[in-house]
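# A structural walkthrough
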Amino acid sequence: MTKPQAEQPGQTATDPASVEAETTSSSAPHDPTEAAEPDQGLTFWQMLASTGAAAFGVQSSKNRKRDFTRGKASHFILMGIGFTATFVLLMAGLVSLVLRLT
């Protein structure tokens with residue numbers, strides 16, 4: 001068993017796992033659908049599409065990961081409440097229209 005060497009000031013540890021992680025993260029292919037800046041939030045239309053897809057259970061894994069990394073929970077909660085209210089009002093209006101026509 002080897003004993004780890006003490007680090008000298010200005011010297012960093014050469015952990016093989018950290019070296020491997022650095023080389024694999026820099027050589028990963030760039031996804032063109034990702035934003036140029038990872039801290040950039042989602043647009044209104046991306047949030048609306050994600051909310052609608054999630055409401056009907058057809059959200060893709062890629063978009064779900066994007067939403068969890070770039071989106072804010074409070075924005076999705078507000079979007080979900082608005083989407084649900086709009087859906088309920090639309091259904092109530094449709095039922096009212098059908099009952100009036102019969």
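Conventions and cut-offs
Residues numbered from 1 in each chain as written. Predicted model: local features only at pLDDT ≥ 70, side-chain atom pairs only at ≥ 80, totals over all residues. Heavy atoms only, no water. Salt bridge = Lys/Arg side-chain N within 4 Å of Asp/Glu carboxyl O. Buried < 20%, exposed > 50% of the residue type's maximum accessible area, 1.4 Å probe, protein only. pLDDT = per-residue confidence, 0-100. Helix = DSSP H or I, 4+ residues; strand = E, 2+ residues; numbered from the N terminus. Patch = residues over 30% accessible without salt bridge, like charges linked within 9 Å, V, L, I, M, F, W, Y side chains within 5 Å. Areas by Shrake-Rupley, 256 points an atom, 1.4 Å probe, with all protein chains shown as cover. Phe/Tyr/Trp six-rings, centres within 6.5 Å; stacked < 30°, edge-to-face > 60°.

Time to look at the pattern of salt bridges. According to the stated counting rule, one finds one salt bridge in the structure shown. Residue Arg-66 pairs with Asp-67 through a salt bridge whose shortest N-O separation is 3.0 Å. For Arg-66, a relative accessible area of 13% corresponds to the buried category. What makes Asp-67 buried here is its relative accessible area of 9%.

Next up on the list: the confidence of the model for the protein chain. Model confidence for the protein chain is summarised by a mean pLDDT of 78, while 62% of its residues fall at 70 or above. By mean pLDDT, the top-scoring element of the protein chain is helix 4 (residues 73-101) (96), and the lowest-scoring one is helix 1 (residues 16-26) (49).

What follows covers a nonpolar patch on the surface. On the surface, a cluster of nonpolar side chains totalling about 990 Å² of accessible area is made up of Phe-56, Val-58, Phe-87, Val-88, Leu-90, Met-91, Leu-94, Leu-97, Val-98 and Leu-101. Relative to the helices and strands, Val-88 resides in helix 4. What makes Val-88 partly exposed here is its relative accessible area of 49%.

Moving on: the packing of aromatic side chains. For the structure on display, the rule yields three aromatic pairs. With a centroid separation of 5.2 Å and an interplanar angle of 80°, the aromatic rings of Phe-44 and Trp-45 are classed as edge-to-face. With 6.3 Å between their ring centres and 75° between their planes, Phe-56 and Phe-87 make a pair best called edge-to-face. Within this pair, whereas Phe-56 is found in the loop between helix 2 (44-55) and helix 3 (61-70), its partner Phe-87 is found in helix 4, the two being separated by 31 residues in sequence. When its relative accessible area of 58% is taken as the criterion, Phe-56 is described as exposed. According to the relative accessible area criterion, Phe-87 is partly exposed, its value standing at 37%. Here a set of aromatic residues connected by ring pairs shows up, and it is made of Phe-56, Phe-83 and Phe-87.

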